[in-house]
Each structure stands twice: as C-alpha cells, then as structure tokens.
Amino acid sequence: MRFDVLTLFPETFSLVMKESIIGRAQEKGLIEVNAVNIRDYTRDKHRKVDDYPFGGGNGMVMMCQPMFDAYRAVTEGLQTKPKVIYMSPQGRVLTQKVAVELSKEEHLILLCGHYEGIDERIIEELVDEEISIGDYVLTGGELPAMVLIDCVSRLVPGVLSNEGSFSEESHFNGLLEYPQYTRPAEYEGKQVPEILLSGHHANIQKWRSARSLERTRIKRPDLYENHIKSSEGKI
Ligand SMILES: COc1ccccc1CNc1ccc(C(N)=O)cn1
C-alpha cells in the first residue's frame, strides 16, 4: 500500500514514519510513505504557497497552483487515479471502521492543509473525501495524516506480527477491549485476576467478554447502545 502525502513539512513524516512498526513495514515493502513538499512546486523565487483570502478575513489560504502541480507530479503516468483524501476538521471522522475501509485501497494521496485551509477549487477538483481525526482544530494536517497512515497501515496484512489479535482489540468488535495483565502474577501485593491463571480458556473467554461489555457500558455508553442494537435479533 502506498501513501503520497502532499505537505509543507515533508521532514516531519520521514522522522515519524521511519520509526517502529511503520518503518519496519516500509523496509518489508508492505507500505510506502512518500512525503512530497508542496513548496517544491511553486514557480516564484519566494516559493509562495499561500495568500490572503478573497472577501477578507484573518489568516491565509493555500493556493491552487502549487498543490495542483504537486498532485500532477505524483499522479503522472499512473494507470488509475488514486483516492485523494484531504485531512480537514470538516471531514468524515476517522473510526476503526473507516480505517478498515481505507486499508483496502492500494494507493492513497493525502493532502495536508495549513493556515485557514486550502482554496476550495482544490477540494472541488482533486479531493475524493475529507477525513477528520476528531472534532478539534490543529495547526496543520500533518498529524492527522500520520494518524491515518498509522491506523490504516497496521491493518495491512503482514505489518503486525500478531494479526490474529484484531478480532479482540478495542473498537474492532464495536466494544472496548478487556483489561490486560502480564507477569508477575503479583506486584506490590496487587494480584492478577485468578481466572486468568486458571488455564481454563472457555471461562477466560467468558470473563473477558463480560469485562469488555462492562467497561464499554461505563466508558462508552454510545458504543454499548450500538452493540446492543446490532446484536438484537441475532440468536
Ligand atoms: C486550521 O487548520 C485547518 C483548517 C482547514 C483545513 C485544514 C486545517 C489544518 N488543521 C487541521 C486539519 C485536520 C484536523 C482534524 N480534526 O482532522 C484538524 N486540524
């Protein structure tokens, strides 16, 4: 899976994206993350990428020409047009379900805005979908793009060694994950729940399901409601 990220800060990506799991996935050739500097596609000696908004208002808006030319450079000679996602506070909120959907794509182009955003003509012409990582405003789209790359990449087969664990992790089955413990069985007088040491897998599974339902009901009643609704009618 390939990600081309159009950004004003390409070096941010190379630092974060070559670390840990994402870095190893790149070495294994499972994913490619290519950060493109929008400023390299400016045509003036000041390498101008933004300008004042028509109609007035504070802040600056990213201009069309550098973004269009960076997009054309990245897509030149491609057989199929990759899906273009604009990281924006107005986008569809990124959930695990959306991440699973996006992990089916072969090639994604992510546009990172800055200042007050980008010229609307870029969105109209190039953007297939706007995606938001949550209802808050950041100084740029780079962190949202890295969040998207992380949560989508880990779903690409081969990226995570313990792929089997997806079915039980938080949000995969619409519920929050059960509590996790590891050695030692007792730490400063605090015991690991006995059931987990019993080796009785059926009972452990039951205990885990009960904990998962209980903590979802307490921490995320919205998810709990959805889960109850979706399991109604199922035997
Ligand atoms: C004022 O910033 C903007 C204004 C408009 C568009 C993009 C930006 C860049 N900032 C972003 C980007 C994404 C998210 C998110 N919630 O995914 C939050 N902030």
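Each chain has its residues counted from 1, following the order in which its sequence is written. A pLDDT threshold of at least 70 governs which residues receive local features in this predicted model, and a stricter bar of 80 or more applies before side-chain atom pairs are shown or counted, although totals over entire chains, interfaces and linings include all residues. Think of the side-chain values as coming from all heavy atoms in the structure, minus any hydrogens and water.

Within an unreviewed UniProt entry, the label attached to the protein chain reads tRNA (guanine-N(1)-)-methyltransferase, and the organism entered is Ruminiclostridium hungatei. In the Subunit (unreviewed entry) part of its UniProt record, the protein chain is described as follows: "Homodimer." UniProt positions are given in the numbering used here, feature names are shortened, and annotations may be inferred rather than shown by experiment.

Chemist: Talk me through a nonpolar patch on the surface; I want residue IDs and the actual numbers.
Modeler: Among the surface-exposed residues, Tyr136, Leu138 and Leu143 lie close enough to one another that they form a single nonpolar patch of about 290 Å² accessible area. When its relative accessible area of 53% is taken as the criterion, Leu143 is described as exposed. Patch definition: residues above 30% relative accessible area lacking any salt bridge, with like charges linked at up to 9 Å and the nonpolar side chains Val, Leu, Ile, Met, Phe, Trp and Tyr linked at up to 5 Å. Accessibility throughout is a Shrake-Rupley quantity obtained with a 1.4 Å probe, and a residue counts as covered only by protein chains that appear here. By salt bridge we mean one thing: a side-chain nitrogen of Lys or Arg within 4 Å of a carboxyl oxygen of Asp or Glu. Residue exposure (1.4 Å probe, protein chains only): buried if accessible area is under 20% of the type maximum, exposed if over 50%, otherwise partly exposed.

Chemist: Which residues make up the pattern of salt bridges, and what are the values?
Modeler: Taken as a whole, this structure holds 13 salt bridges when the rule is applied. For the salt bridge of Glu32 with Arg2, the shortest nitrogen-to-oxygen distance reads 2.7 Å. A residue pair is termed long-range when its members are at least 10 positions apart, and Glu32 in strand E2 (residues 32–37) and Arg2 in strand E1 (residues 2–7) qualify at 30 residues. Judged by its relative accessible area of 25%, Arg2 falls in the partly exposed class. A salt bridge links Lys190 to Glu188; its shortest N-O distance comes to 3.5 Å. When salt bridges with common partners are traced through the structure, they connect Lys83, Arg92, Glu101 and Glu129 into a single cluster. A helix here means a DSSP run of H or I that spans at least four residues, while a strand means a run of E at least two residues long, and both kinds are numbered starting from the N terminus.

Chemist: Please give an account of the site of the ligand that cites residues and values.
Modeler: Definition of nearness: a residue and a molecule or strand are near each other if at least one heavy atom of the residue lies within 4 Å of the molecule or strand. Taken together, the neighbourhood of the ligand is formed by 17 residues, with Tyr86, Ile133, Gly134, Tyr136 and Leu138 sitting nearest. Backbone polar atom of Gly134 to a nitrogen atom of the ligand: 2.8 Å apart, as the coordinates give it. Polar contacts here mean pairs of N or O atoms no more than 3.5 Å apart (in protein, one a potential hydrogen donor and the other a potential acceptor; neighbouring residues in sequence count only if both atoms are side-chain atoms). Within the contact set of the ligand, a nitrogen atom lies 3.0 Å away from a backbone nitrogen or oxygen of Tyr136. Relative to its unbound accessible surface of 440 Å², the ligand loses 92% to contact with the protein. Among the elements that make up the shell around the ligand, the one with the highest residue count is strand E5 (residues 83–93) (four residues). When grouped by side-chain class, the residues that make up the shell around the ligand number nine nonpolar, seven polar and one charged. Each residue gets one of three labels, nonpolar for Ala, Val, Leu, Ile, Met, Phe, Trp, Tyr, Cys and Pro, charged for Asp, Glu, Lys and Arg, and polar for the others, Gly among them.

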